[in-house]
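Here are the chains, one letter per residue:
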Amino acid sequence: RSAMKKQVINLLLLISVTIFQVTLAAGMDKGEVKRIIIQEAQKERVSPALALAVAKVGSDFQHYTLGIYGERGVMQLPRIGQQLTMEENVSSGVKKLAKLMRAHRQDTERALEEYKEGWVIGMTPEQVDRFVEKVLRWEMIYHNQQITWNNGKYHQNLSYLDDPSINKSWTREW
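Residues numbered from 1 in each chain as written. Predicted model: local features only at pLDDT ≥ 70, side-chain atom pairs only at ≥ 80, totals over all residues. Heavy atoms only, no water.

Participant: Help me understand the packing of aromatic side chains in this model?
Facilitator: How two aromatic rings sit relative to each other is set out by the distance from centre to centre and by the angle between their planes. Under the definition given, this model contains one aromatic pair. Judged by centre distance (5.5 Å) and plane angle (35°), the rings of Trp 138 and Tyr 142 are tilted. Taken together, the positions of Trp 138 and Tyr 142, both in helix H6 (residues 125-144) and four residues apart, correspond to about one turn of that helix. Look at Trp 138 and you get buried, because its relative accessible area is 19%. Residue classification places Tyr 142 among the buried positions, given a relative accessible area of 0%. Above the face of the Trp 138 ring, Lys 56 is positioned so that its terminal group lies 4.9 Å from the ring centre. A cation sits over an aromatic face here: Lys 116 above Phe 131, 4.7 Å from the ring centre. (Phe/Tyr/Trp six-rings, centres within 6.5 Å; stacked < 30°, edge-to-face > 60°. Helix = DSSP H or I, 4+ residues; strand = E, 2+ residues; numbered from the N terminus. Buried < 20%, exposed > 50% of the residue type's maximum accessible area, 1.4 Å probe, protein only. Lys NZ or Arg CZ within 6 Å of the ring centre and 35° of its normal.)

Participant: Would you take a moment to explain the nonpolar core for this structure?
Facilitator: If you look at soluble globular proteins, the nonpolar side chains tend to sit buried side by side. Core analysis: the biggest nonpolar cluster contains 36 residues, and Ile 37 and Met 75 have the highest contact counts within it. When residues of this core are traced back to their parent elements, those giving at least two are helix H2 (30-44), helix H3 (48-59), helix H4 (86-103), helix H5 (108-119) and H6. Those residues in contact with Ile 37 that lie beyond four places of it in its chain are Ala 51, Leu 52, Ala 55, Phe 61, Val 74 and Val 90. (Core = buried A, V, L, I, M, F, W, Y, C linked by side-chain atoms within 4.5 Å. Contact = heavy atoms within 4.5 Å.)

Participant: Teacher, can you tell me more about the packing of H3 against H6 here?
Facilitator: When two helices pack together, their arrangement is given by the angle between the helix axes and by the axis-to-axis distance. H6 packs onto H3 with a crossing angle of 130° between their chain directions and a minimal axis gap of 8 Å. On the basis of the axis angle, H3 is oblique to H6. Considering only the axes of H3 and H6, their crossing is right-handed. Listed contacts from H6 to Ala 49, Leu 50, Leu 52, Ala 53, Val 54, Lys 56 and Val 57 of H3 are Phe 131, Lys 134, Val 135, Trp 138, Glu 139, Tyr 142 and His 143. Counted by class, the contact of H3 with H6 contains ten nonpolar, one polar and three charged residues. (Axes fitted to C-alpha atoms, helices over the stretch in contact; angles between N-to-C directions. Parallel < 35°, antiparallel > 145°, perpendicular 65-115°, else oblique. Left-handed = near helix turned anticlockwise from the far one by under 90°. Nonpolar A, V, L, I, M, F, W, Y, C, P; charged D, E, K, R; others polar.)

Participant: Looking at this structure, how should I read the environment of Glu 71?
Facilitator: Mapping Glu 71 onto the fold places it in the loop between H3 and H4. Under the relative-accessibility criterion, Glu 71 is labelled buried at 5%. Here the alpha-carbon distance between Glu 71 and Lys 116, two residues 45 residues apart in the chain, equals 9.8 Å.

Participant: Even after reading the chapter, I still don't get the environment of Lys 99, so can you show me in this structure?
Facilitator: The residue Lys 99 is located in helix H4 in this model. On the basis of relative accessibility, which here comes to 53%, the residue Lys 99 falls in the exposed class. On a C-alpha basis, the gap between Lys 99 and Tyr 115 in space is 9.8 Å, while along the polypeptide they are 16 residues apart.

Participant: Honestly, a negative patch on the surface in this entry has me stumped. Any pointers?
Facilitator: On the surface, a cluster of negative charge is made up of Asp 107, Glu 109, Glu 126, Asp 129 and Glu 133. It is H6 that provides the largest number of residues to the negative patch, a total of three residues. As for its position among the elements, Glu 133 is in helix H6. (Patch = residues over 30% accessible without salt bridge, like charges linked within 9 Å, V, L, I, M, F, W, Y side chains within 5 Å. Areas by Shrake-Rupley, 256 points an atom, 1.4 Å probe, with all protein chains shown as cover. Salt bridge = Lys/Arg side-chain N within 4 Å of Asp/Glu carboxyl O. Lys, Arg positive; Asp, Glu negative; His and termini not counted. Charge placed at Lys NZ, Arg CZ, Asp CG, Glu CD.)

Function-wise, these values are silent; they only describe arrangement.
Structural data, given as structure tokens:
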């Protein structure tokens, strides 16, 4: 009975903290998150379309997203001892993605499989496959949309990046 009471208290505490974090995250601008992802992708020499797609599928660009296996943040990183800032989460996720792309000789599907499998213990192969399919679909959407690249200056409102009806081409190849 005492153990059950502790579990209920811990669950209520987790729910309270999550509600508080979601409230804080509600004011976070997705456009700013996207800009940070694009900057990190450029720095790590990985396709911005791929990095954006991983963040879109994993968290919809929300920093306080908590996955069912404990993955956290924009890039859905594994639970670690401390909570990362949004910038640290994006940087770590993009670095991992770049490292996997190099290790798998630019084989995007294999890199994405390992990205998810390597950090999320307990996922079924079918769940990993669905993640990879969704990321590849969003990567194509982002790849086909236009982003104005001009020495680090980006379009002020990047919310249009989530509109699949927009069919434009990138002005910079990766």
